[in-house]
Amino acid sequence: ITVVVMIRVVSGGTADPAMLAFAFLGSAFHGFFANVLGGLAFVIIEEREFYETLHYVYISPASFLSYLMGRASTRFAMTLASVVLVLVAGTWLLGLPIALIPADPGLLAIAMILGFLCLTTMGVLVAGLAMTLTHRVWYLMDGMASLLFFFSGSLFPLEQLPAPLRAIS
């Protein structure tokens, strides 16, 4: 909601409603990058530095990967609830031209499942790096989430990127 208000103020109220909707949806879905991808690295920080139980969790008979997937599923569900609330409240408060019921719910479900699997896989990789690092791991998780968010096309249309960066994204 803040992003749309900022764009409206900067543009003097002349911003294109489709661009406002694009920016609103991108900022609403950013939570998945931060909470699922970066959240798995934060699990390592929590368990190791706050609760000091990482070694107990790691040597337990249960698979550590299963533990991480369970934590990722919880973060995904909480983020999904947050995104739905932001979409409903933002669309209602801001009057943006966003269809709250998707044209193809099955395609949305497939995209969400694939997105969860991709973000979780990358999150497990970042969590593995977090296990080998000792200080300032949150910079790594925030940096990875921000970098992927930048190249995802959620923040602005990818056509606006220079050709080499567009190829990377």
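Look above for the structure.
For every chain, the first residue of its written sequence is number 1, and the numbers climb from 1 along that sequence. The predicted nature of this model means local features are confined to residues of pLDDT at least 70 and side-chain atom pairs, given and counted, to a pLDDT of 80 or more, with totals for whole chains, interfaces and linings taken over all residues. Water and hydrogen atoms were dropped before computing side-chain values, which therefore reflect all heavy atoms in the structure.

Enquirer: How would you summarise the layout of surface pockets if you had to cite specific residues and measurements?
Expert: For the largest pocket, the calculated volume is near 430 Å³. In this structure, the largest pocket is lined by 20 residues; those nearest its centre are Phe29, Phe32, Phe33, Ser152 and Ser154. Elements supplying a minimum of two residues to the lining of the largest pocket: helix 2 (17–50), helix 5 (105–132) and helix 6 (137–151). With eight residues, helix 5 is the largest single contributor of residues to the lining of the largest pocket. Under the grouping applied here, Gly and all other residues not named as nonpolar or charged are polar, the nonpolar ones being Ala, Val, Leu, Ile, Met, Phe, Trp, Tyr, Cys and Pro and the charged ones Asp, Glu, Lys and Arg. A per-class count over the lining of the largest pocket returns 15 nonpolar, five polar and no charged. Lining residues are defined by having an atom within 4 Å of a point belonging to a cavity or pocket. Those points lie on a 1 Å grid over the protein atoms alone, cavities being sets where a 1.4 Å probe fits but cannot get out and pockets being open sets with protein on both sides within 12 Å along at least five of seven lines. Grid points are joined across faces, edges and corners, and a volume is the space filled by probe spheres set on the points. Taken as a whole, the second largest pocket spans an internal volume of roughly 330 Å³. Numbering goes from the N terminus for both helices and strands, where a helix is a DSSP run of H or I of at least four residues and a strand is a run of E of at least two.

Enquirer: Explain helix 5 to me, using residue names and the numbers behind them.
Expert: One turn of an α-helix holds 3.6 residues; hence residues three or four places apart share an orientation. For a helix, the expected span equals 1.5 Å multiplied by the residue count minus one. The end-to-end C-alpha distance of helix 5 is 41 Å, a good match for the 40 Å that 28 residues give at a rise of 1.5 Å each. For helix 5, the set of buried residues is Met112, Phe116, Leu119, Thr120, Gly123, Val126, Ala127 and Ala130. For this analysis, residues touch if any pair of their heavy atoms sits within 4.5 Å. Looking at the buried side of helix 5, the elements it contacts are helix 2, helix 4 (64–94) and helix 6. Buried residues are those whose accessible area, probed at 1.4 Å on protein chains only, stays under 20% of the maximum for their type, while exposed residues exceed 50% and partly exposed ones sit between those limits.

Enquirer: Could you give an account of the packing of aromatic side chains, naming the residues involved and the relevant values?
Expert: For Phe, Tyr and Trp, where Trp contributes only its six-membered ring, two rings pair if their centres lie within 6.5 Å, and the inter-plane angle classes them as stacked under 30 degrees, edge-to-face over 60, or tilted in between. A full pass over the atoms with the stated rule returns seven aromatic pairs. Ring plane angle 25 degrees and centroid distance 5.9 Å describe the contact between Phe29 and Phe32, whose orientation is recorded as stacked. One end of the pair is Phe29 and the other is Phe32, both in helix 2 and three residues apart, which spans about a single turn. Residue classification places Phe29 among the partly exposed positions, given a relative accessible area of 26%. You can call Phe32 buried: its relative accessible area is 5%. With centroids separated by 5.1 Å and ring planes inclined at 85 degrees, the aromatic side chains of Phe150 and Phe151 adopt a geometry described as edge-to-face.

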